[in-house]
Amino acid sequence: MPQGRHPGWPARLGPLSVAAGLVEVRAPRLWDAAAWSRIRKRDQRHLENWEPSVPGTWAERNAGIAWPAQWSTLRALGRRGMSLPFVITVDGRFAGQITVGNVIRGSLCSAWVGYWVDSEVVGGGVATASVALVVDHCFASAGLHRIEATVRPENAASLRVLAKLGFREEGLFRRYLDVAGDWRDHLCFALTIEDIPNGLVARLIADGGAVLP
């Protein structure tokens, strides 16, 4: 495992070329506020059924003024090695977020990955490429052994992303997370480093889902 308080973060990953454009992954920046807020407020219907319930209205939680506090928290968690928070860009434009959270080291070396993507690039391979880049980074540079992803059974788009990348379905978590105002079941998927000896990016490229620019 790499040495240090926070192996694997910050980092810049990619690029990979997919149908939607050139995908890269980087650490969040304070000046991402305007782009983040604009997309989040526009995409309320696209996002709110899949994200945990938290206090306040959607508009309040996703106003530009809310970003600095979120950015500060993400940066602190990244610096302490508890999380690897990233922003997704397409052709240099802010297009979503992908976060590796609940990083546990020691004999477990495990974490979960979660993501959201701008509705304007959904279906263009952006989420798939981003997850591939981040999971490879977690195994190669961040010293992790297992990555989990939990998804509501109704979230067909996310299920397709995980299926394309070869995530293994491991079970159903009953009433696992409070989402959209109720306790929702989630399917659990996972990969370990042994599952992908050549990496997810290599698999994605071999399957025709992305190319190196």
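Because the structure is a prediction, the values reported are computed rather than measured. (Residues numbered from 1 in each chain as written. Predicted model: local features only at pLDDT ≥ 70, side-chain atom pairs only at ≥ 80, totals over all residues. Heavy atoms only, no water.)

Bringing the pattern of salt bridges into the picture now. One pass over the full model with this rule turns up 13 salt bridges. For the salt bridge of Arg152 with Glu154, the shortest nitrogen-to-oxygen distance reads 3.3 Å. Judged by its relative accessible area of 11%, Arg152 is buried. (Salt bridge = Lys/Arg side-chain N within 4 Å of Asp/Glu carboxyl O. Buried < 20%, exposed > 50% of the residue type's maximum accessible area, 1.4 Å probe, protein only.)

Our focus in this paragraph is the sheet that holds strand β7 (residues 168–179). A sheet is described by the order of its strands in space; here eight strands give the open sequence β1-β2-β3-β4-β5-β6-β8-β7, paired in mixed fashion. A single partner strand is all that each edge strand has here, and the edge strands are β1 (13–18) and β7. The mean angle between the axes of side-by-side strands here comes to 25 degrees, regardless of whether they run parallel or antiparallel. Alignment of strand β2 (residues 21–26) against strand β3 (residues 84–90), held across four bridges, turns out to be antiparallel. Across the sheet, the residue bridging to Arg26 is Val87, located in β3. Strand contacts of helix α1 (residues 33–42): β4 (93–104) and β5 (110–117), with the helix running at about 95 degrees to β4, the strand carrying the most contacts. (Pairing = 2+ DSSP bridges. Helix = DSSP H or I, 4+ residues; strand = E, 2+ residues; numbered from the N terminus. Axes fitted to C-alpha atoms, helices over the stretch in contact; angles between N-to-C directions. Contact = heavy atoms within 4.5 Å.)

So, on to the side chain of His186. Summarising the element assignment, His186 is placed in strand β8 (residues 182–192). Judged by relative accessible area, which is 3%, His186 ranks as buried. Within the structure, His186 has its side chain in polar contact with the backbone oxygen of Arg184 (distance 3.1 Å). In this view, His186 contacts Thr150, Val151, Arg152, Pro153, Gly171, Leu172, Phe173, Tyr176, Leu177 and Val179; residues no more than four positions away in its chain are not counted. (Polar contact = N/O pair within 3.5 Å; in protein donor to acceptor, adjacent residues only side chain to side chain.)

For the rest of this paragraph, the subject is the pairing of β3. By the criterion of burial, β3 is predominantly enclosed, with seven of the seven residues buried. With burial as the criterion, each face of β3 is covered, one bearing Leu84, Phe86, Ile88 and Val90 and the other bearing Pro85, Val87 and Thr89. Between the antiparallel neighbours β3 and β4 lie two residues, among them Asp91 with a positive phi of about 55 degrees.

What follows covers the packing of aromatic side chains. For the structure on display, the rule yields three aromatic pairs. Centre to centre, the rings of Trp36 and Trp67 are 5.1 Å apart; their planes meet at 45 degrees, and the pair counts as tilted. You can see Trp36 sitting in helix α1 and its partner Trp67 sitting in helix α4 (residues 67–79), a full 31 residues away along the chain. On the basis of relative accessible area, Trp36 is assigned to the buried category, the value being 1%. In this structure Trp67 comes out as buried when scored by relative accessible area, which is 0%. Ring geometry for Phe94 versus Trp116: centroids 6.2 Å apart, planes at 45 degrees, classification tilted. Of this pair, Phe94 sits in strand β4 while Trp116 sits in strand β5, and the two are 22 residues apart along the sequence. By the burial criterion, Phe94 is buried, and Trp116 matches it. (Phe/Tyr/Trp six-rings, centres within 6.5 Å; stacked < 30°, edge-to-face > 60°.)

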